[in-house]
Structures are given as C-alpha cells and as structure tokens.
Amino acid sequence: MVLKILVGGYTSIITALLYTPNSSGTAGSLSLLSQSNAGTNPSWLALNPSNSSILYANQETWGGQIWSFVIDPTTAALTKKSSGSTGGNNPAHFAVLFGGGNEIVAANYDSASTTDMVLGTDRTTFSSSTGPMITYTGSGPNTSRQTVPHPHQVIEYLIDQELLINDLGSDKTWRLSRSSSGAWQNSGSIQHPAGSGPRHGVVLNGNLYTVHELSNTLTQHTIPVLNSGTTSQLVATLSVIPPGASSSTFAAAELLLSPKNCMYPTQYLYATNRGDTDANGDTVAIFSLNPLQLVGHVRTGLKQIRGAAIGGPNGEYLVVGGQSSGGVVLYQRTSGGTTLTELARYSNVNQPTSFVILPTGEEPSLCSS
C-alpha cells in the first residue's frame, strides 16, 4: 500500500514522505515527496477530524501559535491558511476536538495553561474570540523539572464533555468539563505517583493509561464519573525500559493505542523510550491489556524517539523518528500487533518529533462471516 507521511519536528519545515512497497508487498522504500515552510518548531501535527485535507501544526516557541494548512492531495505539500495565538509559551501539544472539528485546545508547557481556540466554519481560520484560558497550580518533588505545572497533552475523553490534561510538573491529570455557558472549566484531577511526570496517555473502557517521562513507567488508572465522590484507583504500574537497562538516561515519551478491527481484533499499547545507550538505539515497548503486561521491546536503531503514530486503513502501520539521530522508520504491525516488522527507513529528516499518516481512502478490512 502506498502511503504519504507528514513529519514535523524542531525545524522550520514539515516534510512529506512517500512509502512505496516493493512488488512482493513485504517491504519497500521511503522517499522525499515534498517539503513545506512551517514556521518555528512544528513539533506536533494533527488533522481536522471532519476534513482530513486540513492540517494543524504548533509553533513550539515563546509566544506560541497554531498554524493551519491545506494539504495538496498529490504532493502533500502544505499551503498555510491562518494562525492563532495559544496565549502562552511553548505549546507542546494540542487536540482538535471531535465535536465538529471546530475547536482546538492547546497545552502551553511553559505557561502552566491550556487555551481554547475556536475555528471558523471553514476549519482553517481562527476566531478572534477564544474560550477562557485555564491556569494550573502545583508542583512535584523533582526540583529540576517540577517546580511549576507543565501541561504536556490534551486528551478528549468524552466528546464535547470532558478533557484530560496530563501535567508533567504537578504529577496530575486535570479533568476539564463544560460549564453551563459551554466554556471549559477545571473540575478535578487524577493523582499520579510523586515525581513520575505524566506526559502522554490514552483512554480505553474507563481507564487512563499514562506514560511517565521522569519515572519511565506506564500506569493504569480508573476514571471515575466526575463529581461522583469516587477516587481514581491506580490499577497497575510497569516499567517501559528494556530489562536490565539503567533508567538514569531514559525519558519515556509517546504512548499509542492500536485500533480494534477485523485484521487486529486485539488492542495493544506502544510506548516509546528515549536515551537508551545501547548501540542498537531506542526501543518501542509493546504492552497487552487486561491485565496490563509487557509483550516485548523492538529496537529501532534511532536515538531519542519522541513521537510515533499509527495509521493505515486497519492501523497496520507504525512510524517513529529519532529526534537526535534524525531519520524515520516505518513498521508494519505483525503477529496480531505483538511485534513490529521494518518496512523502510529514511535518514534525511532532522529532529523529527511528530507524524501523521495521511488517510489512503481505502476502507478497513471486512470481517469474515
């Protein structure tokens, strides 16, 4: 299957790569398709959920912004349409909300805040009016990393009802809900282990799975109904680093949940590690669910894997990049998703941190009767 992959990072461009399989379909090659000017540090990319021809990229810098682009269907080159201020510094992450695709919530890592950004009807322009900024308070025991809150991710938990904000600085996941006016408000939190530094997470069946940058762990917490009087419970904690490795150089980064479909009836979690001193590079750790268990590690040959993405009609592909080594590797999820088989790698990409595998237009595989 031919794929187009957009790559953002700590550069001034967004790169589009083309994956072309060989005649047997078992592997192939990655080549440069196009490059587009994208400002300063477009380190996080996301498509509009209602229109996949529209891409958004952050400007992870002081005085942060979100930029919108239209994607050329042939070359995947980008045309900038508009920009909007996040109202804070170094927005490390943002989420385009599924409730119509007309709202973005950005996490300002160095301003301890999140900002609600309203989009116009064309989904590319930013409204002059935005929702109220929410500022967070708190700290953690790590005096070099946790003196103030550092919101690092926005998760849409319940569509148009609740957001989860992973805060690396205060060891919390903040819970935002809609007020009577429709604005987002801080309505509570889930407490993580002290000094763990919750970074990125996913939700499934009333559980929050979180990868922790400072403790290099993966946790599972229950998510009680807001205002129910029930406290979130820590169900499981597992290390994400390879067995026998020292955690002193590691900094866990991304967490992905694979989709469930006929080709892959069982879902898995994929966590990226950074800082492995092994000559074979950083690993992607694979975990099964119910109960949470380590399946194994896949060495990538890359250094400082900050971001990753799953894509394809059935979620059959996983792409990662090395922030310090450069380079991108595309894998196929094999053996039902319990391992990764390399399809291709491309070395000439600097500091990649975020990926979007563009929709192919093909439908997911049908289940056999």
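The rules behind each value
- Residues numbered from 1 in each chain as written.
- Predicted model: local features only at pLDDT ≥ 70, side-chain atom pairs only at ≥ 80, totals over all residues.
- Heavy atoms only, no water.
- Buried < 20%, exposed > 50% of the residue type's maximum accessible area, 1.4 Å probe, protein only.
- Helix = DSSP H or I, 4+ residues; strand = E, 2+ residues; numbered from the N terminus.
- Pairing = 2+ DSSP bridges.
- Axes fitted to C-alpha atoms, helices over the stretch in contact; angles between N-to-C directions.

Undergrad: Break down the pairing of strand β16 (residues 198-204) for me, citing the residues and quoting the values.
TA: Where burial is concerned, most of β16 is hidden: six out of the seven residues are buried. Where β16 folds back onto strand β17 (residues 207-212) in an antiparallel hairpin, the turn is made up of two residues, including Asn-205, whose phi is positive at roughly 50 degrees.

Undergrad: Tell me about unusual backbone geometry, and name the residues and values.
TA: Here the amide bond leading from Asn-290 into Pro-291 is cis, since omega sits at 5 degrees, within 30 degrees of zero. By the secondary structure assignment, Pro-291 is in the loop between β22 (283-288) and β23 (293-299). Positive phi is not limited to glycine here, since Arg-123 has a value of about 70 degrees. Note on placement: Arg-123 falls in the loop between β10 (113-118) and β11 (134-135). The phi angle at Asp-160 is positive, at roughly 65 degrees, despite the residue not being glycine.

Undergrad: Explain the sheet that holds strand β28 (residues 352-357) to me, using residue names and the numbers behind them.
TA: If you trace the four strands from one edge of the open sheet to the other, you get β3-β2-β1-β28, paired in antiparallel fashion. Two strands in the sheet have a free side with no partner beyond their single neighbour: β3 (28-37) and β28. Going across the sheet, the axis of each strand differs from the next one's by a mean of 25 degrees, ignoring polarity. The pairing of strand β1 (residues 3-9) with β28 spans five bridges and is antiparallel. Each bridged residue has a counterpart across the sheet, and for Leu-6 the counterpart in β28 is Val-356.

Undergrad: Pulling in residues and values, what's your account of the sheet that holds strand β24 (residues 305-311)?
TA: What holds strands together in a sheet is hydrogen bonding between their backbones, with the strands either parallel or antiparallel. If you trace the four strands from one edge of the open sheet to the other, you get β24-β25-β26-β27, paired in antiparallel fashion. Single-partner strands in this sheet number two, and they are β24 and β27 (339-346). Averaged over all pairs of adjacent strands, the angle between strand axes in this sheet comes to 25 degrees, irrespective of strand direction. Two strands pair when backbone bridges link them, and β24 and strand β25 (residues 317-322) are joined in this way by five bridges, in the antiparallel orientation. Among the inter-strand pairings, Ala-309 is bridged to a residue of β25, identified as Val-319.

Scope: geometric values only; no functional claims are made or implied.
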